[in-house]
Amino acid sequence: MPELAATTSRTPAPATVAPPATPPATAPAIRVVSLDALRGFDMFWIVGGKEFALAVVGLFPTAAWTIEAQHQLQHTKWDGFTAWDLIMPLFLFVVGAAMPFSFARRLELGHSKSQLYFKIIRRTLILFILGMAVQGHLLDFNLSTLHIFANTLQAIAVGYLIASILMLTTPVWGQVAACTVLMLGYWLLLAYVPVPGRGTGVIEEQANIALTVDQWILGRFIDGTNPPYTWVLSGMTFTATVLLGVFSGYILGGGISKFMKFVWLTLLGAACLAGGWGWAQYLHFPIIKHIWTSSMVLWSAGWCYLLLAAFYLVIDVIGFRRWAFPFIVLGMNAISIYVAYDSKIIPFNQISQNLVGGLAHHLGPAGPFVIALTTVLLVWLPLYHMYRHKIFIRI
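Per-chain numbering applies: the sequence of each chain, read as written, is numbered from 1 onward. Per-residue local features are limited, in this predicted model, to residues with pLDDT of at least 70; the limit for side-chain atom pairs, both in listing and counting, is 80 or more; totals at the level of whole chains, interfaces and linings are taken over all residues. Think of the side-chain values as coming from all heavy atoms in the structure, minus any hydrogens and water.

Some remarks on the nonpolar core
Here is the rule we go by: Nonpolar cores were defined as sets of buried Ala, Val, Leu, Ile, Met, Phe, Trp, Tyr and Cys residues, with membership established by side-chain atoms within 4.5 Å. Three labels apply to residues, based on accessible area from a 1.4 Å probe with only protein chains included: buried if under 20% of the type maximum, exposed if over 50%, partly exposed otherwise in between. The helix count covers DSSP runs of H or I at least four residues long, the strand count covers runs of E at least two residues long, and both are numbered beginning at the N terminus. Any two residues having at least one pair of non-hydrogen atoms within 4.5 Å are treated as being in contact.
If you look at the biggest cluster of nonpolar residues, it comprises 117 residues, and the most contacted ones within it are Leu92, Met99 and Leu244. Sorting elements by how many residues they give to this core places helix α3 (residues 87-108) first, with 14 residues. Apart from the residues within four sequence positions on either side, Leu92 is in contact with Thr152, Ala155, Ile156, Phe238, Thr241, Val242 and Trp292.

Side note on the side chain of Ser234
Put simply, the rule is: Pairing of N or O atoms within 3.5 Å defines a polar contact, subject to two protein rules: one partner must be a possible hydrogen donor and the other a possible acceptor, and residues neighboring in sequence count only if both atoms are side-chain atoms.
Tracing the backbone through its elements, the reader meets Ser234 in the loop between α7 (209-218) and α8 (235-252). A distance of 2.7 Å separates polar atoms of two side chains, one belonging to Ser234 and the other to Thr230. From its side chain, Ser234 meets the backbone oxygen of Ile291 in a polar contact 3.3 Å long.

Remarks on the packing of aromatic side chains
The cut-off we apply is this: Between rings of Phe, Tyr and Trp, where Trp is taken as its six-membered ring, a pair exists when centres lie within 6.5 Å; planes separated by under 30 degrees are stacked, by over 60 edge-to-face, and by other angles tilted.
For the structure on display, the rule yields 28 aromatic pairs. Between Phe91 and Tyr338 the ring centres are 5.6 Å apart and the planes differ by 85 degrees, which places this aromatic pair in the edge-to-face class. Note that Phe91 is positioned in helix α3 and Tyr338 in helix α12 (residues 334-342), a separation of 247 residues in sequence. The residues Phe91 and Tyr338 share a single accessibility class, namely buried. Seen from their ring centres, Phe93 and Tyr305 are 5.0 Å apart, and the 80 degrees between their planes marks the pair as edge-to-face. One end of the pair, Phe93, is in helix α3; the other, Tyr305, is in helix α10 (residues 294-317), and 212 residues separate them in sequence. Note on Phe93: relative accessible area 1%, which makes it buried. The class for Tyr305 is buried, based on a relative accessible area of 1%.

Comments concerning unusual backbone geometry
In the segment running from Asn226 into Pro227, the intervening peptide bond is cis, with an omega of 0 degrees. A positive phi angle is found at His137, which is not glycine, with a value near 60 degrees. The exposure class assigned to His137 is partly exposed, which follows from its relative accessible area of 36%.

Things to note about α3
Stated formally: Here the expected length of a helix is defined as 1.5 Å per residue gap, with one fewer gap than residues.
Taking 1.5 Å per residue, 22 residues should reach 32 Å; α3 reaches 32 Å between its end C-alpha atoms and fits that length. Among the 22 residues that make up α3, 21 are buried, leaving the element largely enclosed by the rest of the structure. Directly beyond the C-terminal end of α3, a positive phi value near 85 degrees is found at Gly110.

So, the confidence of the model for the protein
Going by this rule: Think of pLDDT as the predictor's per-residue confidence, scored from 0 to 100.
Of the residues in the protein, 92% reach a pLDDT of 70 or more, and the chain-wide mean stands at 90. Confidence drops under pLDDT 50 across residues 1-28; counting only partners more than four residues distant or on other chains, this segment forms 68 contacts.

Brief notes about the packing of helix α5 (residues 152-169) against α8
Let me state the cut-off plainly: The convention used is that axes are lines fitted to C-alpha atoms, helices contributing only their stretch in contact, and that angles between N-to-C directions extend from 0 to 180 degrees. Here the angle decides the label: under 35 degrees means roughly parallel, over 145 means roughly antiparallel, 65 to 115 means roughly perpendicular, and every other value means oblique. By definition, turning the near helix anticlockwise from the far helix through less than a right angle yields a left-handed crossing, and turning it clockwise yields a right-handed one. Just so you know the grouping, Ala, Val, Leu, Ile, Met, Phe, Trp, Tyr, Cys and Pro go in nonpolar, Asp, Glu, Lys and Arg go in charged, and all remaining residues, Gly too, go in polar.
The geometry of α5 relative to α8 is characterised by a closest axis approach of 8 Å and an angle of 60 degrees between their N-to-C directions. Accordingly, the angle class assigned to the pair α5 and α8 is oblique. In this structure, α5 crosses over α8, and the sense of that crossing is right-handed. Residue-level contacts link Ala155, Val158, Gly159, Tyr160, Ile162, Ala163, Leu166 and Met167 of α5 to Gly235, Phe238, Thr239, Val242, Leu243, Val246 and Tyr250 of α8. In terms of residue class, the contact of α5 with α8 is built from twelve nonpolar, three polar and no charged.

Now the structure itself:
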């Protein structure tokens, strides 16, 4: 992801050299360890954490919480929201949270706006192409299997591009206004633009205006999932999710006390949860991740703010960090491991099966746990080696 790690403050320039002007869209280039840890926490679930958690749950088949835990680790089929549905929004949110620190670091290094725009466009293109390689079957070199726009990395690319331009061209209040307009505009489009042959206000799995736009623009290269995700028009709300993350970055980089940062993150989390729930209940705009509804944006952002607040309180305010080290290792090289795991360039699951599958066969209910734990270790240990040698792959 673009500038996936929050940056460390640099040595100030000599007093005779005037520092570059910092637009209101930036924050001091400080280190926020909790942001690294939260990024790694999110990545953990993507690269084997889900299977590990399900294997742990499987050790307690008669426990009262087992069914609910299994439910929370599955995607909602259409409307509604589970813990597993938070993974992708949290990804976009954390990217946004890191952006003020990334931009501040670039400005500290003396980069001009034209250089920033070049890097923004470069990252956007790389993310989009990587998304096609990971989930769009680009490397099949077969038009019949190609999906042009169908991956989390591409959602990040769109949100990152638009949010970056807003950060460089508008003050913070303008970014808040843009985020609001994007969410309201998306709601109005889905509520009042008629779906061909169905009329207005239709929000169904196979009939909604966002899906219609994808069908018009992407044609046979449309997302192949069922129910289908939507991407083109949903870019409006992808951007809103990234911007809500950006606002958390402004709070983390602000001049208020650490405890007040925690308070503000918590208050914004509660406000977003209330807004998302109210939008779904009273304005009949359901929480649907597949089409990234505005109510889902607020609902998921609420949980993202609260998670960030909790990580920030424990790690950066209280100073209890050791427990988060495994997540920090994952978070510092998120882009490399996401591509390696999700594209199956390195078949971690198969390697784990080959290594301990025979042993697991004799362990009964503990067998899946051993395989899942081995998979997580196979993912984590190379990243730990990279971390120790300060090898961080960014784009």
